[in-house]
Amino acid sequence: METHMLLTWSLLCLLLRPSAAQNTAPEGVLNCCEGDVLLLLDSSGSVSSYEYSRMLNFLSELVLPFSLGEDQVRVGLLQVGTQPRLEFGFDTYSTQSSLQGALSNTKPLRGDTNTVEALRMAMESVLRPGTADGARAGLPRVLVWLTDGVKPGDVIGPMAELREEGVAVLVVSTGHGNFQVLRQVVSPPVENNLYFVDIDHMSIITEDLRDAIIEIIRAERINVRDISTNSATLQWRPVLSGLTGYYEIRFAPVPSGGTGGGGGSGTGTSPSTGGSQYQRLTQSADSSTARLTGLKPDTSYTATLTPESNEQAFNTLSVTFTTKPEVLSPAVVSVSDSGPNSVRVSWGPLQPETVTSYYIEYSALPRGKLHAVTVDRTQNSTLLRDLQPDTTYLVTVSARHASGKERAMSVKVCTQEVTPALADLQLTTVGSDSVQVNWKGSEAGLRGYWLTWEGQQTSVPGQRSSFYLPADSLSTRLTHLPPSARVCVSPIYRTARGEGLCCTAQFQSALTYGYQS
């Protein structure tokens, strides 16, 4: 008798509630949540076609305002019949238009009310993270069971397993269910998660049921990114999107870290930060980030975010983060483009806002003359010239900071050896009076080669010839040479001719001679 009166009172309360604005999708639901919602729909033979259509319309209205997607809400539909069937999984629809179309086109299964098997499928294939159609790990999972209450089977055990796995269970019965059974299967609080309603008046519970779901999957998360020595970016889910209001942001050093720096739009005493001075910012309702500036290096801060709106109440969120330690330039010095007489020295990080100039000193080890050069604060490299080949230098880069501090870093630099412009002169006789001349050379700084041959026998005095070859030439053939002709090749630079190599051509045999003299 007591149970009957309780059911009657609950139903009357629901029927008497105002139904105004039920067809208007509440804009505050947009972007509010992140989680997976499985709709468990009774479509067995005990549900008439009329009741089934009313249930589908109810589910469509229930999920309509949610933003769908991988980082939002995902919805799946599992139907109960003799052989339960997953109509679509969580990954199937990411837009409301496609989801609403799928719901309107869903057909009933009929047959027996095999809810126990449907719950087994839900746990093994849908609500368990890691499966093909499964829920996302670490996010809230909700099962909304819509039933006519007729012979659901022994569901208390399977529902208990779901709850133990962290699934929130909500139940809507169209009036024939056993209250004592259904109150055992829902997640607490029962008054928010169990609904009895007449099939023709389901819309009166839409908002309450949706709010119960939102309480479970509301994504009230805040994080900090792009942390530097004096700034950080606060990022949050835009729960005020579509609502009037603003975000209030407060940040201050944690009590052990002293007081925060300047740059905020207001200051006051924050109880959450142990009475320390805090900075205050406000952001518009459509914002999702804010840049916190004026922070101190290597300091722990607490930031709070309070969404303020007259339309809906939200919790205050907080996060703690630590700024990066101050790094004075130069923190690294590197060497590149090393040659016999020059080398490029680079340093970082570039800090033109705090550095006034850079001072570079260098000298040959162990006791070379000290040289110095000053470069602008906007430069992060310089080319050191007029160095000695094959020599080790000590290079010191000093940064003069506006604060009066000076930081220096040294590095050893080795210049390259001078590569001979000409090497390995080879003569190969070809016939009785010709010779093939080959050599190895470097084109760096060369304008060409000067080749000279001269007869060595006193019986034929004055036999001599010279000519120029371009820098990319490394061979030539000489013909009509006298016996024992001396062949010389010299490199030509911009201002002078360099030291050459000479060889003597011998024609007594067909052997190859390649010697220097």
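Residues numbered from 1 in each chain as written. Predicted model: local features only at pLDDT ≥ 70, side-chain atom pairs only at ≥ 80, totals over all residues. Heavy atoms only, no water.

Engineer: Explanation requested: the sheet that holds strand E21 (residues 406-414) in the structure shown.
Structural biologist: Strand-to-strand pairing in sheets goes through backbone hydrogen bonds, with the strands running parallel or antiparallel. Strands sit in the order E18-E17-E20-E21 across an open sheet of four strands; the sheet is antiparallel. Each edge of the open sheet carries a strand with a single partner, namely strand E18 (371-376) and E21. Mean inter-strand twist for the sheet, computed between neighbouring axes without regard to direction, equals 20 degrees. Note: strand E17 (residues 355-364) against strand E20 (residues 392-401), nine bridges, orientation antiparallel. Residue pairing in the sheet places Ser357 in a bridge with Arg400 of E20. (Pairing = 2+ DSSP bridges. Helix = DSSP H or I, 4+ residues; strand = E, 2+ residues; numbered from the N terminus. Axes fitted to C-alpha atoms, helices over the stretch in contact; angles between N-to-C directions.)

Engineer: Hey, could you run me through the packing of helix H2 (residues 49-63) against helix H8 (residues 206-217) in this one?
Structural biologist: The packing of two helices is summarised by the inter-axis angle and the distance between the axes. The N-to-C vectors of H2 and H8 enclose an angle of 50 degrees; their axes lie 9 Å apart at closest approach. As summarised for this structure, H2 and H8 are arranged oblique, according to the angle between their axes. In this structure, H2 meets H8 at a crossing whose hand is right-handed. Contacts between H2 and H8 involve Phe58, Glu61 and Leu62 on the former and, on the latter, Thr206, Leu209, Arg210 and Ile213. Here the residues of the contact of H2 with H8 are counted per class, giving four nonpolar, one polar and two charged. (Parallel < 35°, antiparallel > 145°, perpendicular 65-115°, else oblique. Left-handed = near helix turned anticlockwise from the far one by under 90°. Contact = heavy atoms within 4.5 Å. Nonpolar A, V, L, I, M, F, W, Y, C, P; charged D, E, K, R; others polar.)

Engineer: Whenever I open this one, the sheet that holds strand E28 (residues 501-504) confuses me. Can you help?
Structural biologist: Ordered by their spatial adjacency, four strands build an open sheet running E25-E24-E27-E28, and the pairing between neighbours is antiparallel. Two strands bound the open sheet, and with one partner strand each, they are strand E25 (464-469) and E28. Recorded for the sheet is a direction-independent mean angle of 15 degrees between the axes of neighbouring strands. In terms of strand pairing, strand E27 (residues 486-492) meets E28 through four bridges, oriented antiparallel. Each residue of the ladder has a partner; that of Val487, found in E28, is Cys503.

Engineer: Explain helix H3 (residues 96-104) here, please?
Structural biologist: One turn of the α-helix equals 3.6 residues, which is why residues spaced by three or four share an orientation. Listed in full, the buried residues belonging to H3 are Gln96, Leu99, Gln100, Ala102 and Leu103. End-on view of H3: buried residues confined to an arc of 160 degrees, all on one side of the axis. Projecting away from the buried face of H3 at angles above 90 degrees are the exposed residues Ser97 and Ser104. (Buried < 20%, exposed > 50% of the residue type's maximum accessible area, 1.4 Å probe, protein only. Arc of directions from axis to C-beta.)

Engineer: I would appreciate a short explanation of the nonpolar core in the present structure.
Structural biologist: The nonpolar side chains of soluble globular proteins are, as a tendency, buried together. Ranked by size, the top nonpolar core spans 39 residues in total, and within it Phe66, Val172, Leu209 and Ile213 carry the most contacts. For this core, the secondary-structure elements that each account for two or more residues are strand E1 (35-42), H2, strand E2 (73-80), H3, strand E4 (141-147), strand E5 (167-173) and H8. Looking at this core element by element, the count peaks at seven residues for H2. When sequence neighbours within four positions are dropped, the list of residues in contact with Ile213 reads Val37, Leu62, Phe66, Val144 and Leu170. Ranked by size, the runner-up nonpolar core spans 27 residues in total, among them Met121, Leu143, Met159 and Val185. (Core = buried A, V, L, I, M, F, W, Y, C linked by side-chain atoms within 4.5 Å.)

Engineer: Teacher, can you tell me more about empty space enclosed by the protein here?
Structural biologist: If you roll a probe as big as a water molecule over the atoms, it shows you where there is empty space left. Going through the model one piece at a time under the given rule, you end up with two cavities of 30 Å³ or more. The volume enclosed by the largest cavity comes to roughly 50 Å³. Forming the boundary of the largest cavity are Ala219, Glu220, Arg221, Trp236, Arg237, Val239, Leu305, Pro307, Phe314, Asn315 and Leu317. A per-class count over the lining of the largest cavity returns seven nonpolar, one polar and three charged. (1 Å grid on protein atoms, 1.4 Å probe; cavity = no way out; pocket = protein on both sides within 12 Å on 5 of 7 lines; lining within 4 Å. Points joined across faces, edges and corners; volume = space filled by probe spheres on them.)

Engineer: Explanation requested: the state of the cysteines in the structure shown.
Structural biologist: Simply put, the disulfide is a covalent bond whose two ends are the sulfur atoms of two cysteines. Inspection of the entire model under this criterion finds one disulfide. Disulfide pairing is shown between Cys488 and Cys502; the S-S distance is 1.9 Å. Every disulfide takes its handedness from the sign of the S-S torsion; for Cys488 and Cys502 that torsion is 110 degrees, giving right-handed. With a gap of 14 residues between them, Cys488 in strand E27 and Cys502 in strand E28 connect regions that are remote in the sequence. Like Cys488, the residue Cys502 is buried in the burial classification. Unpaired in this structure, Cys503 has its nearest cysteine sulfur neighbour in Cys502, at a distance of 7.6 Å. The exposure class of Cys503 is buried, given its relative accessible area of 1%. (Disulfide = S-S within 2.5 Å.)

Engineer: Looking at this structure, how should I read the pattern of salt bridges?
Structural biologist: Applying the stated criterion across every chain yields a total of 15 salt bridges. Among the salt bridges present, the one from Arg250 reaches Glu248, with a minimum N-O distance of 3.4 Å. Residue classification places Glu248 among the buried positions, given a relative accessible area of 13%. Salt bridges sharing common partners tie together Asp36, Glu70, Arg74, Asp91 and Arg136. (Salt bridge = Lys/Arg side-chain N within 4 Å of Asp/Glu carboxyl O.)

Engineer: What is the right way to read helix H5 (residues 156-164) from this model?
Structural biologist: Restricting attention to buried positions, one finds in H5 the residues Met159, Ala160 and Leu162. The buried residues of H5 all sit within an arc of 160 degrees when viewed along its axis, so they share a single face. Across from the buried face of H5, at angles greater than 90 degrees, the exposed residues are Glu161 and Glu164. Those residues of H5 that are buried lie in contact with helix H4 (115-126), E4, E5 and helix H6 (179-185). Of the residues one or two after H5, Gly166 is the one with positive phi, at around 95 degrees.

Engineer: Just to check I follow, could you spell out the environment of Ser49 for this structure?
Structural biologist: For Ser49, the location among the structural elements is in helix H2. For Ser49, a relative accessible area of 51% gives the class exposed.

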